[in-house]
Amino acid sequence: MKNLYAQMNEARYSISICKNKKMIPLNLPTFNIKISQKNGRTHIFDILRRRYITLTPEEWVRQHFTNYLIDYLGYPAPLMANEVTINVGGVSRRCDTVLYRREEGTPRMIIEYKAPDIEITQEVFNQISSYNSVLRAEYLVVSNGLRHFCCHLDYESQQYRFLPEIPAYSDL
């Protein structure tokens, strides 16, 4: 996917800095965050994996974004999975989140998260595109919690277009 980075930078967004890896407010709605402490580490509850996960800046983004999709955009949690393992060119990789089609059970959307202090670059789009070379999803989403990008792929016309916002599930 050439020129995604250039096209993405044409959009207007405000950026905050994630200093010292502390959890900061994101450009996403808040939700009922469940936090626990274990062995000196902070954990956050993952609604899809149904267990507590070590809290990192990227996990902070994943949990906010996943809850946003479910609570605000109507995405069905049973059709979503976090940390989906795939094989890309003989190497095992993990997609951050995959949304599946209800009927066929095939991937419909791949979501890649980065920590808030990680810039969304062409390299990030290359990463999610490599995952999509295996999964062939119709939508690719990239977010660092502050900036969100959604790309719709049309395989018949071999074209893609960026959407102005993440679509509601009913609009997919």
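Each value, and the rule that gives it
- Residues numbered from 1 in each chain as written.
- Predicted model: local features only at pLDDT ≥ 70, side-chain atom pairs only at ≥ 80, totals over all residues.
- Heavy atoms only, no water.
- Helix = DSSP H or I, 4+ residues; strand = E, 2+ residues; numbered from the N terminus.
- Expected span 1.5 Å × (residues − 1).
- Buried < 20%, exposed > 50% of the residue type's maximum accessible area, 1.4 Å probe, protein only.
- Core = buried A, V, L, I, M, F, W, Y, C linked by side-chain atoms within 4.5 Å.
- Contact = heavy atoms within 4.5 Å.
- Pairing = 2+ DSSP bridges.
- Phe/Tyr/Trp six-rings, centres within 6.5 Å; stacked < 30°, edge-to-face > 60°.
- Lys NZ or Arg CZ within 6 Å of the ring centre and 35° of its normal.
- Polar contact = N/O pair within 3.5 Å; in protein donor to acceptor, adjacent residues only side chain to side chain.

The next thing to look at is helix H3 (residues 122-135). Here H3 spans 20 Å end to end across 14 residues, near enough to the 20 Å set by a 1.5 Å rise per residue. Three or more residues of H3 are buried, namely Gln122, Val124, Phe125, Ile128, Ser129, Tyr131, Asn132 and Leu135. Just downstream of H3, Arg136 is the residue with a positive phi angle, here 55°.

Our next topic: the nonpolar core. Core analysis: the biggest nonpolar cluster contains 28 residues, and Phe65, Leu69, Tyr75, Leu99, Met109 and Ile166 have the highest contact counts within it. Listing elements by their share of this core, those giving two or more residues are helix H2 (57-71), strand E6 (107-113) and strand E7 (139-143). When residues in this core are grouped by element, the largest group, 5 residues, is from H2. Excluding residues within four positions of it along the chain, Tyr75 makes contact with Leu69, Ile70, Met80, Leu99, Met109, Ile166, Pro167, Ala168, Tyr169 and Leu172.

Here the focus is the pairing of strand E3 (residues 51-54). In this structure, strand E2 (residues 41-46) lies alongside E3, joined through 4 bridges in antiparallel fashion. Directly across from Ile44, in E3, lies its bridge partner Ile53. Taking the residues between adjacent antiparallel strands as the criterion, E2 and E3 are bridged by 4 residues, where Arg50 takes a positive phi near 55°.

Scanning the model with the defined rule gives 8 aromatic pairs in all. In textbook terms, an aromatic cluster arises when at least three aromatic residues are bridged by ring pairs, as seen for Phe65, Tyr68, Tyr72 and Tyr113. Between Lys34 and the ring centre of Phe45, over which it is positioned, the NZ or CZ distance is 5.3 Å.

A separate point is the environment of Ser133. Looking at the element boundaries, Ser133 is found in helix H3. With 45 residues separating them along the chain, Ser133 and Val88 place their C-alpha atoms 8.0 Å apart. There is a polar contact of 2.5 Å between the side chain of Ser133 and the backbone oxygen of Ser130.

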